[in-house]
Protein chains: 2
Amino acid sequence: MGKQYVYLFSEGNADMRELLGGKGANLAEMTKIGLPVPPGFTVSTEACREYLRRDQQIWDELRDETIDALRNLEETTGKKFGDRKNPLLVSVRSGSVFSMPGMMDTVLNLGLNDETVQGLAAASGSDRFAFDCYRRFIQMFSDVVLKVDHYLFDRALEEKKKSLGVKDDTGLDATALQEIIEKYLKIVSEKTKEPFPQDPLEQLILSIRAVFDSWNNQRAVVYRQIHKLPDHLGTAVNVQSMVFGNLGDDSGTGVAFTRNPSDGTKELYGEFLINAQGEDVVAGTRTPLPIAKMNEYMPDVYKQFVELCELLENHYQDIQDIEFTVERGTLYLLQTRNGKRTAASAVKIAVNMTEEGILTREDALRRVDPSQLDQLLHRRIDPDVKLDPIAKGLPASPGAASGQLVFTADEAERLSGDGVKVVLVRPETTPDDIHGIVAAQGILTSRGGMTSHAAVVARGMGKPCVSGSEDIRIDLNAKTMTVDDKVFNVGDIISIDGSNGEVYAGTVPMIDPELSGEFSMLLEWADEVRQLGVRANADTPEDARKAREFGAAGIGLCRTEHMFMSQDRLPVVQAMILAKDHEERQQALDKLLPMQQDDFTEIFRAMEDLPVTIRLLDPPLHEFLPNLEDLLVDITLLRERGNDAKELRQKEELLKQVRSLHEFNPMLGHRGCRLGIVTPEIYKMQALAIFKAAATLAKEGKTVIPEVMIPLVGHETELKLMRELVLEAAAEVKAESGQNIEFKVGTMIELPRACVTADEIAAHADFFSFGTNDLTQTTFGFSRDDAEGKFLLEYLQQKVLPENPFAVLDRDGVGSLVKTAVEKGRGTKPELKLGICGEHGGDPSSIEFCHQIGLNYVSCSPYRVPVARLAAAHAQLNHTSQGKD
Amino acid sequence: MGKQYVYLFSEGNADMRELLGGKGANLAEMTKIGLPVPPGFTVSTEACREYLRRDQQIWDELRDETIDALRNLEETTGKKFGDRKNPLLVSVRSGSVFSMPGMMDTVLNLGLNDETVQGLAAASGSDRFAFDCYRRFIQMFSDVVLKVDHYLFDRALEEKKKSLGVKDDTGLDATALQEIIEKYLKIVSEKTKEPFPQDPLEQLILSIRAVFDSWNNQRAVVYRQIHKLPDHLGTAVNVQSMVFGNLGDDSGTGVAFTRNPSDGTKELYGEFLINAQGEDVVAGTRTPLPIAKMNEYMPDVYKQFVELCELLENHYQDIQDIEFTVERGTLYLLQTRNGKRTAASAVKIAVNMTEEGILTREDALRRVDPSQLDQLLHRRIDPDVKLDPIAKGLPASPGAASGQLVFTADEAERLSGDGVKVVLVRPETTPDDIHGIVAAQGILTSRGGMTSHAAVVARGMGKPCVSGSEDIRIDLNAKTMTVDDKVFNVGDIISIDGSNGEVYAGTVPMIDPELSGEFSMLLEWADEVRQLGVRANADTPEDARKAREFGAAGIGLCRTEHMFMSQDRLPVVQAMILAKDHEERQQALDKLLPMQQDDFTEIFRAMEDLPVTIRLLDPPLHEFLPNLEDLLVDITLLRERGNDAKELRQKEELLKQVRSLHEFNPMLGHRGCRLGIVTPEIYKMQALAIFKAAATLAKEGKTVIPEVMIPLVGHETELKLMRELVLEAAAEVKAESGQNIEFKVGTMIELPRACVTADEIAAHADFFSFGTNDLTQTTFGFSRDDAEGKFLLEYLQQKVLPENPFAVLDRDGVGSLVKTAVEKGRGTKPELKLGICGEHGGDPSSIEFCHQIGLNYVSCSPYRVPVARLAAAHAQLNHTSQGKD
């Protein structure tokens with residue numbers, strides 16, 4: 001006995017994927033569990049490989065096996081291949097192990113010829129239907145099997161419609177279709193120099209060969225190259241008997257989900273059409289009925305369908321998306337697959353199915369994609385509404401906002417004080433605009449990238465922002481925003497979606513974020529599983545409270561620069577920066593100290609009993625000064641007008657100072673701990689404020705856990721000096737307050753040099769927190785502001801880079817440096833606490849990497865804490881932990 | 001028998017450094033080879049350690065040994081310790097294994113007391129001399145041994161001088177000095193509650209104890225901490241008999257070099273004084289005579305001295321700097337050490353001594369410090385002239401220049417065309433100023449760092465430049481430069497020294513660079529020794545020729561951006577950048593191609609038979625556009641005046657384009673191969689120009705070896721794509737010209753990501769060239785322009801960093817990444833060619849590192865090629881090569 005090359009659907013199952021291909025194995029599985037699948041068989045991938053070995057020849061044994069399977073099909077269906085009364089018709093489809101859109105399309109209605117078409121007409125009771133099927137078959141078969149140009153048939157069809165004056169195919173009657181068939185057959189015999197094959201068996205064999213051949217067509221080969229799939233596997237061929245839902249009122253077709261894919265409610269969800277084919281549902285020529293209505297038209301079939309749905313859900317342990325056809329009262333399932341669903345329904349379904357005993361908790365966790373959760377965590381535009389954006393920008397801070405257009409921070413503040421919702425629109429924002437950002441619902445800028453001032457501040461506040469939208473032109477003098485030719489004025493309503501960077505005219509329907517019961521439940525299950533800690537990046541007491549509410553186990557990054565930018569403090573900060581001597585500077589710092597202390601007191605209070613990592617001042621000081629270009633314009637005008645010598649002198653003096661602090665590459669400039677080294681009094685003030693705040697709460701009997709973080713360390717001496725300074729401040733406060741505060745001193749690891757010398761740096765650190773935003777910038781040599789939305793876009797389109805490295809941690813480059821730092825750091829100090837506080841801390845793939853290399857925690861925006869909790873659980877389920885204690 | 005703790009000079013030698021300390025071993029060595037050294041002995045470091053173990057007590061055996069040595073000294077000198085007729089006087093000095101300025105000073109004239117001073121008076125024939133010696137001895141001994149405050153003696157001396165109305169010590173006669181001695185002795189007995197020790201032996205023992213104790217004084221302890229010297233070694237004590245050159249006309253003192261330390265000529269070089277002490281030479285009260293005159297005054301002694309000089313040179317195999325004293329016709333050598341010398345003399349002496357058979361070639365090479373050579377390779381200010389700079393800036397490009405002050409490039413070009421030498425002074429330079437830079441002798445700017453436009457262009461041209469001099473104020477309208485209150489106008493002569501950043505008013509005396517016969521010889525010897533290749537960074541045919549003349553074995557970096565900046569090309573380059581579509585861009589590129597081709601043809605011609613590494617365009621395109629601030633001022637004025645709507649419109653349009661190309665961090669922006677990825681037609685044009693140029697010369701029968709270098713690669717795909725593009729251009733030119741050019745394609749490794757993924761990148765590279773300038777910037781997160789002269793200065797002053805990492809390669813950080821890249825790159829491709837083309841390629845310490853990690857070559861400025869050749873030889877002599885083939 002030879003090898004078996006052809007398998008009836010009833011002979012296979014889901015595990016035979018390699019032999020039968022994905023589609024064949026799925027059809028076999030459905031058949032196996034007793035579902036009413038139209039019968040058929042699969043010619044195996046092994047047959048394909050043998051066919052290719054035999055120089056693309058079908059050998060006798062394969063032919064015989066195929067005929068045997070066909071005979072079996074005839075018996076099962078009671079129809080006969082080539083029968084002129086009740087002909088068996090089949091579909092032929094390719095199906096490889098991996099889904100591969102590069103291969104042959106489907107051939108439907110195979111088995112039709114000049115004679116069998118009459119049988120189909122008789123059986124269906126419709127000549128028109130039968131001839132239309134035949135016409136379509138000739139066209140499909142000729143295109144994909146005989147390689148006759150598709151265009152020739154289209155043209156013939158168009159000409160006929162034109163000559164008859166009809167617009168749609170449906171306007172063609174049986175006679176017209178017969179004439180078209182004649183024309184089609186003529187095209188084929190002219191182009192192929194042979195008549196169209198009338199023998200159904202020959203049609204089938206030719207189709208099988210065409211599928212086998214398609215394995216090596218150019219599209220398929222390129223697809224495999226791109227997706228790194230092996231070339232030797234070959235494809236299977238699925239031959240399945242056709243069923244028709246358009247054979248009368250006891251026939252029909254439909255699509256249904258076993259649960260509501262939008263909100264997850266346990267109910268059948270879908271639609272169906274009586275006396276119709278699948279294409280009719282898609283074409284939209286008739287309005288389908290809700291699936292529940294089926295109970296009225298064909299109650300028995302409906303009852304059977306409901307039972308099958310439950311069976312399928314239980315079998316596949318997931319919500320199913322089912323295509324079905326009823327042919328003369330008999331229900332057939334054509335396809336079932338796991339249903340696509342919204343984040344809300346994914347969560348509800350996973351939790352409900354666990355409660356119903358279908359899933360384990362681990363299954364439930366695996367079933368929800370962490371990145372999808374983000375949808376649920378911002379006020380967002382109703383996804384069911386279709387909208388046309390008027391402009392696009394960068395998705396700088398997620399969430400949606402609507403409001404009246406305003407162009408200045410002062411206007412924003414004034415109107416917002418009157419209870420009016422506003423969207424602040426600026427070319428770009430500066431520290432002077434901070435009160436406007438606070439007051440606005442959202443921010444839209446025409447310049448600046450993902451780390452522009454507007455973007456960073458908005459993300460810090462969890463406020464929607466679209467930045468760098470080059471589609472809009474802003475005229476601050478005229479107070480207008482122009483998009484294409486449309487002009488928007490102050491007070492016009494606009495909406496923005498910071499999740500996708502879109503801008504809309506008018507209001508849009510919104511949905512509020514919610515942490516439903518099922519959502520909380522799922523996250524609790526995640527907490528039971530995960531080993532990786534989750535903290536939040538939070539700069540304000542409000543953010544801190546929100547973080548806690550979302551389940552953060554502490555603050556992993558509290559940036560102090562935004563505290564410097566509030567309107568009442570900026571003048572003091574500027575005085576500090578522009579101070580002529582140490583004394584003047586100290587005076588300004590003395591004013592800032594109690595303000596900072598208040599900030600920290602409130603944050604500590606919100607995070608009682610949990611650690612709070614506070615990063616000392618990081619940005620270059622010129623960020624707090626007036627804009628150089630504005631000053632230049634002012635001075636030019638003052639000079640030209642010559643009417644205010646005093647103001648000119650003052651501005652010139654200021655310009656000189658702004659210039660002397662101006663930097664060519666501020667990202668690589670005088671910032672981070674370099675500020676602390678050159679001007680230690682700033683860091684000293686901040687450290688004092690931290691410990692004074694901690695002492696205040698300690699006196700109230702509260703436990704606070706400050707972790708002081710020194711940014712941008714590249715050399716161990718930097719950290720050594722700054723650590724000494726912090727310890728000094730701590731000792732001073734201890735002496736003064738009598739309170740003994742437990743605290744840690746550590747550093748951001750955000751420079752390549754810090755990574756490769758982490759063994760030396762670790763000697764002075766209680767913890768490392770990887771600042772992967774800056775580390776990505778320096779490792780790649782990418783300025784995020786200059787790259788994103790500009791050349792990086794081109795890089796992603798051209799696939800020079802697989803992903804945006806600012807969104808997904810680059811494991812080969814940045815990740816390799818992080819790994820080096822982890823190994824070297826723990827080599828010096830095994831108890832070193834390791835975390836990550838870059839934006840990657842909220843990205844599931846990056847979280848997985850953090851888990852794998854043994855970090856203790858990730859820290860991310862409060863709004864991504866739930867995402868991180870689930871992603872950390874996924875990481876645990878998918879990998880055993882390394883290097884964790 | 002106990003251990004020996006005290007060694008006569010005649011018992012030791014140079015190898016006994018650990019036991020006798022550096023000074024003791026040197027005195028012993030001189031004694032051993034028969035030099036007339038005043039006799040003495042050394043109390044060993046072992047004695048010091050034993051003393052410290054015994055709780056700082058002198059034990060009997062040590063005391064006895066010291067007395068024995070003293071007796072020996074008395075015999076040798078014929079004088080007696082404490083003798084009132086002809087007393088033996090000694091000096092006492094500390095002397096540890098490592099030179100340590102933190103320890104005890106010298107005590108001279110020990111052995112004097114109220115009685116022996118009379119003997120000294122008799123022997124010297126001068127009461128005044130004897131009392132002055134005694135006075136000095138009391139003061140020195142009391143200060144360093146008895147710890148009586150120095151100030152008390154100074155005050156007593158001053159009071160006496162005041163009461164006598166004399167100004168200088170020399171105005172005090174013997175009587176006055178006797179009175180001072182009485183006062184001094186009173187001070188001592190008051191402060192120490194004991195009379196000044198009159199017993200010479202007690203004086204000696206107390207001094208020895210003081211030297212031992214000084215090992216642990218605070219200054220010494222701190223000094224050892226800073227220099228990481230061990231604490232347990234202890235110090236030796238040197239006791240040496242005093243000689244006096246001021247005992248009559250048959251006595252004298254002098255200092256001499258065995259060769260001319262300024263130009264290296266083989267001749268005695270120095271001066272002497274009859275009847276004088278060492279202090280008299282230093283004090284400058286009498287004018288010394290040239291050493292050759294000694295032959296007239298004391299021919300026998302002179303003859304002996306000349307012989308001793310030759311002996312010393314032969315013994316130490318180096319030029320000697322000798323201090324000597326003649327006491328009553330007897331020559332004594334007090335000190336000999338290797339003489340400090342200029343670079344010119346160092347080279348000449350090393351080569352001459354080799355020719356004289358004193359040194360081997362390897363010795364000669366070791367004898368010359370490569371960094372010193374830089375002095376010889378630029379036109380420089382005569383080092384013998386003392387000058388007062390009026391201002392300081394950054395030493396942006398070495399060499400000196402004088403010329404008339406001009407403020408615009410056009411003026412510079414016009415005057416220079418008339419044969420006038422000019423120095424171009426600008427706040428900063430832009431591409432528009434390039435013709436002025438070409439025309440000027442040197443450039444001075446008030447803004448910008450070491451990588452500012454002016455600095456980079458000037459270094460590229462080997463032209464002196466001082467940049468970022470904040471001491472000068474430039475008023476372009478008034479055409480004045482102001483320093484403090486002094487105003488300089490157009491036409492005033494100024495001079496600059498780009499090697500130290502100094503600016504002078506008026507002309508200064510200059511010296512031209514020269515490659516003397518000895519210099520060439522030394523470098524040939526270096527070439528025989530070294531394994532590391534030396535290439536040059538050269539952008540022009542002139543530079544290429546100079547590089548070849550200085551011995552470069554090829555060009556390691558030919559930057560193409562300066563070719564874009566010349567005045568005739570800039571408009572075409574700007575048209576290319578601002579092109580509205582592909583076609584317009586291609587038109588501009590078609591104009592640029594023949595220009596680039598000419599550039600390359602001439603460079604290839606100059607470097608016939610040698611490899612030329614050409615880097616494709618690297619800087620961001622906005623560097624070629626007009627300055628944003630200038631445009632902003634123009635537009636503000638045009639708007640205010642409202643008289644030229646057309647120009648306003650044009651400038652506004654231009655500003656828009658300049659803004660759209662403007663970058664926040666251009667260093668990390670759209671540059672390097674990112675240009676090639678996004679706008680491949682630019683790189684394609686450059687590659688075509690390279691191969692067309694090569695084909696032209698190949699047709700002439702010349703051998704050219706182009707190496708195309710892709711800058712700023714961070715991901716292997718970048719190099720893969722750009723390599724394909726270069727191969728495509730090569731194939732086109734081959735098809736068109738019929739010439740088969742051998743070439744390489746490689747990449748700069750200048751990003752941390754490139755280092756850690758070098759294994760992947762190497763798959764597409766024939767060579768790596770480490771761009772350590774940018775690699776240092778990204779590894780440290782330092783923008784060189786913003787760091788140097790600003791916070792980096794503070795870092796170096798505070799010793800946060802041991803060296804400027806842009807001058808000396810940071811081995812721990814940057815070096816560790818380079819090493820990783822070498823290992824990973826060679827792991828993938830063992831034959832990978834490795835070089836370095838950052839400025840470190842000309843720094844000796846960095847060259848040593850390059851040698852150690854097995855690079856094939858370094859590439860540096862043409863003017864540093866000789867430095868690199870010698871440094872590479874040093875590296876070879878000091879280390880065995882690793883990983884070299």
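Criteria and cut-off values
- Residues numbered from 1 in each chain as written.
- Chains lettered and ligands numbered in written order.
- Predicted model: local features only at pLDDT ≥ 70, side-chain atom pairs only at ≥ 80, totals over all residues.
- Heavy atoms only, no water.
- Helix = DSSP H or I, 4+ residues; strand = E, 2+ residues; numbered from the N terminus.
- Buried < 20%, exposed > 50% of the residue type's maximum accessible area, 1.4 Å probe, protein only.
- Contact = heavy atoms within 4.5 Å.
- Areas by Shrake-Rupley, 256 points an atom, 1.4 Å probe, with all protein chains shown as cover.
- Lys, Arg positive; Asp, Glu negative; His and termini not counted.
- Charge placed at Lys NZ, Arg CZ, Asp CG, Glu CD.
- Buried area = accessible area lost by both parts, 1.4 Å probe.
- Salt bridge = Lys/Arg side-chain N within 4 Å of Asp/Glu carboxyl O.
- Polar contact = N/O pair within 3.5 Å; in protein donor to acceptor, adjacent residues only side chain to side chain.
- Nonpolar A, V, L, I, M, F, W, Y, C, P; charged D, E, K, R; others polar.
- Pairing = 2+ DSSP bridges.
- Axes fitted to C-alpha atoms, helices over the stretch in contact; angles between N-to-C directions.
- Least-squares fit on C-alpha atoms with pLDDT ≥ 70 in both.
- Patch = residues over 30% accessible without salt bridge, like charges linked within 9 Å, V, L, I, M, F, W, Y side chains within 5 Å.
- pLDDT = per-residue confidence, 0-100.
- Expected span 1.5 Å × (residues − 1).
- UniProt positions renumbered as here; feature names shortened; annotations may be inferred.
- Right-handed = clockwise from strand over helix to strand, strands pointing away.
- Parallel < 35°, antiparallel > 145°, perpendicular 65-115°, else oblique.
- Domains from an automatic or database assignment.

**Student:** For the overall build of chain A, give the residues involved together with the corresponding values.
**Tutor:** In terms of helices and strands, chain A carries 35 helices and 31 strands. Taken along the three principal axes of its C-alpha coordinates, chain A extends 105 × 65 × 55 Å. Buried residues in chain A amount to 56% of all 885 residues. Sequence-distant contacts, at least 24 apart, represent 69% of the contacts inside chain A between residues at least 6 apart. Accessible surface for chain A amounts to roughly 36,300 Å². Of this, 47% is attributable to carbon and sulfur atoms. Within chain A, the 136 negative side-chain charges are centred at a point lying 1 Å from the centre of the 99 positive side-chain charges.

**Student:** Before we move on, could you go through the interface of chain B and chain A and cite the residues and values that matter?
**Tutor:** If you look at the interface, chain B gives 56 residues, while chain A gives 57 residues. Contact between chain B and chain A buries roughly 5,100 Å² in total, counting both sides, with carbon and sulfur atoms accounting for 58%. Three residues stand out in chain B for area buried against chain A, namely Phe664, Leu668 and Arg753 of chain B, and they jointly supply 13% of the buried area on that side. Here chain B and chain A share six salt bridges between them. Across the contact surface, chain B and chain A share 28 residue pairs in polar contact (both at pLDDT 80 or more). Grouping the amino acids of the side of chain B that touches chain A by side-chain chemistry returns 23 nonpolar, 16 polar and 17 charged.

**Student:** Break down the sheet that holds strand E28 (residues 744–749) of chain B for me, citing the residues and quoting the values.
**Tutor:** Sheets are built from strands that pair by backbone hydrogen bonding, the pairs being arranged parallel or antiparallel. Residues and elements named next belong to chain B. Strand order in the closed barrel formed by eight strands is E24-E25-E26-E27-E28-E29-E30-E31, and the pairing between neighbours is parallel. Ignoring which end each strand starts from, the neighbouring axes of this sheet average 25° apart. On the sheet, helix H33 (residues 811–828) packs against E28, strand E29 (767–770) and strand E30 (833–836) and is oriented at approximately 180° with respect to E29. On top of the sheet, helix H35 (residues 865–878) reaches strand E24 (533–537) and strand E31 (857–860); it is set at about 160° to E24, its chief contact.

**Student:** Before we move on, could you go through the relation of the copies chain B and chain A and cite the residues and values that matter?
**Tutor:** In screw terms, the move from chain B to chain A is a rotation of 179° and a rise of 0.2 Å along the axis, fitting with an RMSD of 0.4 Å. One copy is carried onto the other by what is essentially a two-fold rotation axis. When the interface residues of chain B are mapped onto chain A, 100% of them again lie at the interface, so the same face is used by both copies.

**Student:** Just give me the short version of a positive patch on the surface, but keep the residues and values in it.
**Tutor:** Residue and element names in this part refer to chain A. Residues Arg155, Lys183, Lys186, Lys191 and Lys193 make up a contiguous surface patch of positive charge. When residues of the positive patch are assigned to their parent elements, the largest contribution, three residues, is made by helix H7 (residues 174–192). Structurally, Lys183 can be placed in helix H7. What makes Lys183 partly exposed here is its relative accessible area of 38%.

**Student:** How would you summarise the environment of Arg426 of chain B if you had to cite specific residues and measurements?
**Tutor:** All names here are of chain B. Tracing the chain through its elements places Arg426 in strand E15 (residues 422–426). Every residue in contact with Arg426, bar those within four places of it in the chain, is listed here: Phe407, Thr408, Asp433, Leu444, Thr445, Ser446, Ile474 and Leu476. Only 2.8 Å separates the side chain of Arg426 from the backbone oxygen of Phe407, close enough to count as a polar contact.

**Student:** Would you mind going over the confidence of the model for chain A in detail, with residue names and values included?
**Tutor:** Residue and element names in this part refer to chain A. Within chain A, residue pLDDT values average 91, and 97% of them lie at 70 or more. Across residues 881–885, confidence stays below pLDDT 50; counting only partners more than four residues off in sequence or on other chains, it has 14 contacts. Quick note on the complex model: pTM equals 0.78, ipTM equals 0.78.

**Student:** Mind laying out helix H28 (residues 716–737) of chain A, listing which residues take part and the relevant values?
**Tutor:** All names here are of chain A. Under the 1.5 Å per step criterion, the end-to-end length of H28 is 31 Å for 22 residues, consistent within 8% with the ideal 32 Å. Taken as a whole, H28 has its buried residues at Thr717, Glu718, Leu719, Met722, Arg723, Leu725, Val726, Ala729, Ala730, Val733 and Ser737. Count one or two residues on from H28 and you reach Gly738, which has phi positive near 75°.

**Student:** Before we move on, could you go through a negative patch on the surface and cite the residues and values that matter?
**Tutor:** A cluster of acidic residues, Asp60, Glu61, Asp64 and Asp68 of chain A, forms a negative patch on the protein surface. With respect to the helices and strands, Glu61 of chain A occurs in helix H3 (residues 60–77).

**Student:** Got a sec to walk through the UniProt feature "domain: Pyruvate phosphate dikinase AMP/ATP-binding" (unreviewed entry) in chain A? Specific residues and values, please.
**Tutor:** Mapped onto the present numbering, the UniProt feature "domain: Pyruvate phosphate dikinase AMP/ATP-binding" (unreviewed entry) falls at residues 62–288 and 303–355 of chain A. A helix fraction of 51% and a strand fraction of 32% characterise residues 303–355 of chain A, whose end C-alpha atoms lie 25 Å from each other.

**Student:** Which residues make up the pattern of salt bridges, and what values do they have?
**Tutor:** Taken as a whole, this structure holds 108 salt bridges over all chains when the rule is applied. Here Glu561 of chain A makes a salt bridge to Arg615 of chain A, at a shortest N to O gap of 2.6 Å. Placement of the pair is Glu561 of chain A in helix H21 (residues 561–564) and Arg615 of chain A in strand E26 (residues 611–615), with a sequence separation of 54 residues. This pair shows no difference in class: Glu561 of chain A is buried, exactly as Arg615 of chain A is. Residue Lys479 of chain B pairs with Glu411 of chain B through a salt bridge whose shortest N-O separation is 3.5 Å. On the criterion of sequence distance, the pair formed by Lys479 of chain B in the loop between strand E18 (472–475) and strand E19 (480–483) and Glu411 of chain B in helix H16 (residues 409–417) is long-range, its members being 68 residues apart. Residues participating in the shared-partner salt-bridge network are Glu561, Arg615, Asp618, Arg671 and Asp774 of chain A.

**Student:** If you had to explain helix H5 (residues 127–144) of chain A to someone new, which residues and values would you point to?
**Tutor:** Owing to its 3.6 residues per turn, the α-helix brings residues three or four apart onto one side. Compared with the 26 Å implied by 1.5 Å per residue over 18 residues, the 26 Å span of H5 of chain A between its first and last C-alpha is a close match. Counting buried positions along H5 of chain A yields 13 of 18 residues, so the element is predominantly enclosed.

**Student:** An account of the side chain of Gln777 of chain B is needed here, citing residue identities and associated values.
**Tutor:** Residue and element names in this part refer to chain B. Of note, Gln777 is situated in helix H31 (residues 772–780). With relative accessibility at 7%, the residue Gln777 sits in the buried group. Here Asp774 takes part through its side chain, which lies 3.1 Å from a polar atom of the side chain of Gln777. Residues in contact with Gln777, not counting those within four places in the same chain, are Met667, Phe782, Ser783, Arg784 and Phe806.

**Student:** Now, about the pairing of E15 of chain B: what can you tell me, with residues and values included?
**Tutor:** Residue and element names in this part refer to chain B. With five of five residues buried, E15 lies mostly within the body of the structure. Across the two faces of E15 the burial is the same, with Val422, Leu424 and Arg426 and Val423 and Val425 all buried. Relative to E15, strand E14 (residues 400–406) runs parallel, the two being bridged by three bridges. Counted as the bridge partner of Leu405 is Val423 from E15. Each parallel crossover has a hand, and the one from E14 via H16 to E15 is right-handed. Taken together, the four bridges between E15 and strand E16 (residues 442–445) define a ladder with parallel strand orientation. Its bridge partner being in E16, Leu424 is matched across the sheet by Ile443.

**Student:** Just give me the short version of the packing of H5 of chain A against helix H6 (residues 150–164) of chain A, but keep the residues and values in it.
**Tutor:** Residues and elements named next belong to chain A. Two numbers describe how H5 lies on H6: the axes approach to 9 Å, and their chain directions differ by 155°. For the element pair H5 / H6, the angle class is roughly antiparallel. Residue-level inspection shows Arg135, Gln139, Ser142 and Asp143 of H5 in contact with H6, the latter providing His150, Phe153, Asp154 and Leu157. Considering only residue class, the contact of H5 with H6 consists of two nonpolar, three polar and three charged.

**Student:** Break down the domain arrangement of chain A for me, citing the residues and quoting the values.
**Tutor:** Segmentation of chain A into domains returns domain 1 (6–243), domain 2 (244–341), domain 3 (379–511) and domain 4 (530–563 + 603–619 + 674–881). Placing the centre of domain 3 of chain A and that of domain 4 of chain A at their C-alpha centroids yields a distance of 30 Å.

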